Amino acid sequence: MSGTRDLNRGLERDGARVRNLVLAGVGGHGVLALSRVIAEGALAAGFDVRKSEIHGMSQRGGSVLSEVRYGSSVNSPLIPDGAADLLISLELLEALRHLHRLKTDGILLVNEQRITPAPAGSGPVLYPEDVLDRILDPFPEARILPAHDMATELGESRAANMVMLGAFAACTEDIPIHGWEEVIESAFRSDLVPVNLAAFRAGLSLASAW
Amino acid sequence: MANRILLSGNEAIAEGALEAGAHFAAAYPGTPSTEILETLSRRGGIRAEWAPNEKVAYETAYGASLGGARALVAMKHVVVNVAADPLFSSSYAGVNGGLVLVSADDPAMHSSQNEQDNRQLARAAKIPVIEPSDSQEAKDFTRIAFEISERFDTPVMLRVTTRICHSMSPVAVTRGTTWPMARIPDYSRNFHKHVLLPANARPRHDFVESRMVELEEYAASNRDLNRIEWGDRTVGVVTGGVAYQYLREVLPGASVLKLGMPWPLPRALVRELAAGVDELYVVEELDPFIETEVRALGVQVLGKEIFPLTGELNPDVVARGFELSGNGTATEPGDVRQKNAAPAAIPPRPPVLCAGCGHRGVFFTLSKMGLIVTGDIGCYTLGALHPLESMDACLCMGASIGMAHGMEAALRAAGDERRVVGVIGDSTFMHSGITGLINTVYNGGSSTVLVLDNGTTAMTGHQDHPGTGVTATGERGQQVDIEAVCRAVGVRRVRDVDPYDIAALEAALNEELDTPEPSVIICRAACRLVDRTPIAPSVRLEIECPGCGTCFELGCPAIDDRDGVAVIDAAACCGCGLCVQVCPFCGLRIEGHEPAGVP
Ligand SMILES: Cc1ncc(C[n+]2csc(CCOP(=O)(O)OP(=O)(O)O)c2C)c(N)n1
């Protein structure tokens, strides 16, 4: 794995460093489930954890944002702008919306799906044509993944969030792979566990090949 | 054995109430407080009830306290206004079992109509305020709040904010234990304390004032709640709640008075901190509540000159405040270049009424008819937004019916013939619509009210209410019938209209608006997030869409506007058929249905 996408620096288990993750997407697409799994994974690995989210409108197609922080000791549930080590977005436009949260050398993982927002004013919403350029220009190392397509192929498009988790898992040794798998096994209804595990592993092997 | 698990602040409060042996909890849903009662009803071991509104919730909890139970009542900030009448007087009457009112404030108004700071209400009601700064404290302080309530014979406000309610952090809990119900003295009549006749209330007011003095002594001596964390003596900060966490992030070395019980303010601790540091600051969200009290002590302090009065704080905002003060010691984390790269020209992504939502056809019709619409609070408030844009006013829950009556009276007095209709959801109707309707009937009004009955309290996440007949714990109770209620209060013209039938709704509205007596139209359609079974097969485009754009005016997320041409998302469409009705070219069809084609 190339050094720039490697999160395994700076977080000493007993040091003061805190890992800052920003998770973005569209209501109903699993941002909150993803942040829950990450927070549980970090707790199980022995870290102090804070997770915060605004979810009032999460089921009605609005923007959804969650923040997870872990380390030996964490105070604020909110991450300062420009301080996120990692931004995972389940949608391209939402990645753009929260780009300024990421450190200059932060890791960016984006599901390549485009979802047109509902119009807020008169006229149709023009999905920015140049969304990819605007992401890749400041973050040329950004990884754009076909997580939605991969999950759909596995039979459950809603498992795209676990594909993204798999990709994240490949970027860090903070939390061991079996730790993630245990959390997935307890986080989902039993009939949904196999497909979510499969999605996680698909994301993991994709990212391990980078 | 204690385990560390991740809990939201709301879940932790519920856990704390159970550990404290609370036996009764009541609430009406409201973001960000809703999950407290939801957790309690799921966990069991306590009687948990949805009340029709917050005044009733508070009164039942107060009754439970008198009856000998520890009782918790939870609500969002704006609705403590609804419960303020019993709250203020119960402060005089005092409690028997501990009584804790959770006020969930919403700085930044993530999902609220105002940003009021309920520490102010607690001060006015002369009750103590407890304020946790993370989930562990939310659990521990809930328990302490019950103890304070009993020891000082007072209701206690546990004040939390959205960032506490909806953030998760590790909490030590002991599971598999059932906590014994708290032992409270049996109820016995106490006329002088509990019957607030003026003659009884006067001495109770004296009691309340002396209680405040004792509470302040307690606040200064309880180190679990209020303590000075000495550090660098150049900067001292008074803070509490989630602001404490932000402060610790940007000034880890400062001397801090951490207030877990900000009211009554432990003035002795403030003086002690002030005397030990060069410069004193107050970091608090919203109003200068602590700051004003500190200034009243004659202590020099910096607060709202450098920290905002509105919105939420966060580490960036707190660090910027210290920068403004010229105190360069604050470490502002994060990349400066990135911080300044604020995103430009990104289309917003507002929430929308779901595909197939029963509210959509109603607002489309109201907009088409050009009516004046007094609205209310719920998912249907989205009908005020583009492209439906058919709401004139929205104030607070239940206001639609009173506003319609008043507006109609004023318009008619001015000879203005424009027609007014009130629109209210089923849960909101139960909450506070009924009294408005009684008023219209009694005062000879003639307004027409639309009750949008989607069989749930949708906006706050689908809680049951009296109209559904299912209780907080999922049992089937007695259903309160909306139509029967309307008739019982004297509305003679009550009818059901299918909200998916635009022509029928328009005809019904015309008829009722032209009849000079009060009327109620009930539009029933199950919430699409609760009942996901398709209404009909998804809509197909039969012809090449000529791009007239009429169907876009429905604002349906299943209809995509591709360069002016309609494209139906078959996976999202549930066949409600509204677009079929509005398409002037009859190009939209549902399998097996004849096109209606509203010209
Ligand atoms: C007095 C008050 N209590 C609670 C709330 C929180 N709240 C906002 S909308 C809503 C639900 C309304 O439900 P309903 O009227 O059935 O409409 P729906 O969302 O189902 O369309 C609630 C409880 C509030 N804003 N004000």
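Being a predicted model, the structure only gives us computed values, none of them experimental.

K.L.:
How should I be thinking about the domain arrangement of chain B in this particular structure?
P.N.:
It is common to give the size of an interface as the accessible area lost on bringing the parts into contact. Considered domain by domain, chain B is made up of domain 1 (3-221), domain 2 (226-339), domain 3 (358-524) and domain 4 (540-589). Computed over C-alpha atoms, the centres of domain 1 of chain B and domain 4 of chain B are 50 Å apart.

K.L.:
Sorry if this is basic, but what is going on with the pairing of strand E16 (residues 493-496) of chain B here?
P.N.:
The two faces of a sheet get side chains in turn, since along a regular strand they alternate between them. Residues and elements named next belong to chain B. Here E16 pairs with strand E17 (residues 519-524) via four bridges, running parallel. By the bridge assignment for E17, arginine 493 is matched with serine 519. At this point the chain moves from E16, through helix H19 (residues 502-513), to the parallel E17, and the crossover so formed is right-handed.

K.L.:
Sorry, what's going on with the packing of aromatic side chains here?
P.N.:
Aromatic ring pairs are defined here through the distance separating the ring centres and the angle between the ring planes. Following the criterion strictly, the structure yields six aromatic pairs over all chains and no others. Their ring planes at 45° and their centres at 5.0 Å tell us that A:Phe47 and A:Tyr70 sit as a pair that is tilted. Placement of the pair is A:Phe47 in the loop between helix H1 (31-44) and strand E2 (48-54) and A:Tyr70 in strand E3 (residues 63-71), with a sequence separation of 23 residues. An identical accessibility class is assigned to A:Phe47 and A:Tyr70; each is buried. Taking 5.4 Å as the distance between ring centres and 70° as the angle between the ring planes, the aromatic pair formed by B:Phe307 and B:Phe322 counts as edge-to-face. Of this pair, B:Phe307 sits in the loop between helix H12 (289-296) and helix H13 (315-324) while B:Phe322 sits in helix H13, and the two are 15 residues apart along the sequence. Owing to a relative accessible area of 0%, B:Phe322 belongs among the buried residues under this scheme. Taken together, the ring pairs in this structure connect B:Tyr281, B:Phe307 and B:Phe322 into an aromatic cluster. Here the basic side chain of B:Arg123 rests over the ring of B:Trp263, its NZ or CZ set 5.4 Å away from the ring centre. One residue, B:Lys258, lies across the ring of B:Tyr244, its end atom 5.2 Å from the ring centre.

K.L.:
Please explain the sheet that holds strand E2 (residues 24-27) of chain B as it appears in this structure.
P.N.:
Strands belonging to one sheet form pairs held by backbone hydrogen bonds; the direction of such a pair is parallel or antiparallel. Residues and elements named next belong to chain B. The parallel open sheet is built from six strands, whose spatial order is E3-E2-E4-E5-E7-E6. Each edge of the sheet is formed by a strand with only one pairing partner; in this case those strands are strand E3 (47-50) and strand E6 (129-130). Pairing between E2 and strand E4 (residues 71-76): four bridges, direction parallel. Bridge pairing in E4 links alanine 25 to leucine 72. Sheet strands touched by helix H2 (residues 35-43): E2, E3, E4 and strand E5 (99-105). Its angle to E3, the strand with the most contacts, is close to 135°. Against the sheet, helix H6 (residues 135-152) touches E4, E5, E6 and strand E7 (156-161), its axis set at about 160° to E7.

K.L.:
Explain the packing of helix H4 (residues 84-93) of chain B against helix H9 (residues 198-221) of chain B here, please?
P.N.:
Residues and elements named next belong to chain B. Interaxial distance between H4 and H9 falls to 8 Å at its minimum, and their mutual angle equals 85°. By the angle class used here, H4 and H9 are roughly perpendicular. Contact residues: H4 offers Ser91, Tyr92 and Ala93, while H9 offers Ala201, Arg204, His205, Val208 and Arg211. Taken together, the residues of the contact of H4 with H9 break down into four nonpolar, two polar and two charged.

K.L.:
I would appreciate a short explanation of the side chain of A:Ser52 in the present structure.
P.N.:
Tracing the backbone shows A:Ser52 in strand E2. Look at A:Ser52 and you get buried, because its relative accessible area is 1%. A distance of 2.8 Å separates polar atoms of two side chains, one belonging to A:Ser52 and the other to B:Arg163. Here A:Ser52 is in contact with A:Leu65, A:Ser66, A:Glu67, A:Pro77, A:Leu78, B:Arg163, B:His166 and B:Ser167, once residues within four sequence places are set aside.

K.L.:
Sorry, what's going on with the environment of B:Ala393 here?
P.N.:
All names here are of chain B. Along the chain, alanine 393 turns up in the loop between strand E13 (372-374) and helix H16 (399-413). The spatial distance from the C-alpha of alanine 393 to the C-alpha of cysteine 551 is 25 Å, given a sequence separation of 158 residues. Filtering out sequence-adjacent residues up to four positions away, alanine 393 remains in contact with Val373, Thr374, Gly375 and Met403.

K.L.:
Sorry, what's going on with the pattern of salt bridges here?
P.N.:
When their charged atoms lie close together, side chains carrying opposite charge are able to pair. Scanning all chains against the criterion turns up 55 salt bridges over all chains. Here A:Arg50 and B:Asp134 are joined by a salt bridge, their closest N and O atoms 3.9 Å apart. Of this pair, A:Arg50 sits in strand E2 while B:Asp134 sits in the loop between E6 and H6, on two different chains. Between B:Arg159 and B:Asp105 there is a salt bridge; the shortest N-O distance is 2.8 Å. Remark: B:Asp105 occurs in strand E5 and B:Arg159 occurs in strand E7; sequence separation between them is 54 residues. Using a relative accessible area of 0% as the deciding quantity, one classes B:Asp105 as buried.

K.L.:
In this structure, what is going on with the environment of B:Met459? I would like to understand it.
P.N.:
Its location among the elements puts B:Met459 in the loop between strand E15 (448-453) and helix H18 (482-488). B:Met459 gets classed as partly exposed once you look at its relative accessible area, which sits at 26%.

K.L.:
Before we go on, may I ask you to explain the interface of chain A and chain B in this structure?
P.N.:
In this assembly, 55 residues from chain A lie in contact with 49 residues from chain B. In total, about 4,400 Å² of surface goes out of reach between chain A and chain B, with carbon and sulfur atoms giving 57% of it. Summed over the shared surface of chain A and chain B, the result is four salt bridges. Between B:Glu249 and A:Arg69 there is a salt bridge, with the nearest N and O atoms lying 2.9 Å from each other.

K.L.:
Help me understand the site of the ligand, please; the structure alone is not making it clear to me.
P.N.:
All names here are of chain B. In the neighbourhood of the ligand, 25 residues make up the surrounding shell, with Glu54, His359, Asp426, Thr428 and Ala458 lying closest. The separation between an oxygen atom of the ligand and a polar side-chain atom of asparagine 454 is 2.9 Å. At 2.8 Å from an oxygen atom of the ligand is found a main-chain nitrogen or oxygen belonging to alanine 458. Protein chains shield 97% of the accessible area of the ligand, which is 590 Å² for the free molecule. Here the ligand is seated within the second largest pocket.

The rules behind the values
- Residues numbered from 1 in each chain as written.
- Chains lettered and ligands numbered in written order.
- Predicted model: local features only at pLDDT ≥ 70, side-chain atom pairs only at ≥ 80, totals over all residues.
- Heavy atoms only, no water.
- Domains from an automatic or database assignment.
- Pairing = 2+ DSSP bridges.
- Helix = DSSP H or I, 4+ residues; strand = E, 2+ residues; numbered from the N terminus.
- Right-handed = clockwise from strand over helix to strand, strands pointing away.
- Phe/Tyr/Trp six-rings, centres within 6.5 Å; stacked < 30°, edge-to-face > 60°.
- Buried < 20%, exposed > 50% of the residue type's maximum accessible area, 1.4 Å probe, protein only.
- Lys NZ or Arg CZ within 6 Å of the ring centre and 35° of its normal.
- Contact = heavy atoms within 4.5 Å.
- Axes fitted to C-alpha atoms, helices over the stretch in contact; angles between N-to-C directions.
- Parallel < 35°, antiparallel > 145°, perpendicular 65-115°, else oblique.
- Nonpolar A, V, L, I, M, F, W, Y, C, P; charged D, E, K, R; others polar.
- Polar contact = N/O pair within 3.5 Å; in protein donor to acceptor, adjacent residues only side chain to side chain.
- Salt bridge = Lys/Arg side-chain N within 4 Å of Asp/Glu carboxyl O.
- Buried area = accessible area lost by both parts, 1.4 Å probe.
- Near = heavy atom within 4 Å.
- Areas by Shrake-Rupley, 256 points an atom, 1.4 Å probe, with all protein chains shown as cover.
- 1 Å grid on protein atoms, 1.4 Å probe; cavity = no way out; pocket = protein on both sides within 12 Å on 5 of 7 lines; lining within 4 Å.
- Sits in = over half its atoms within 2 Å of the grid points.

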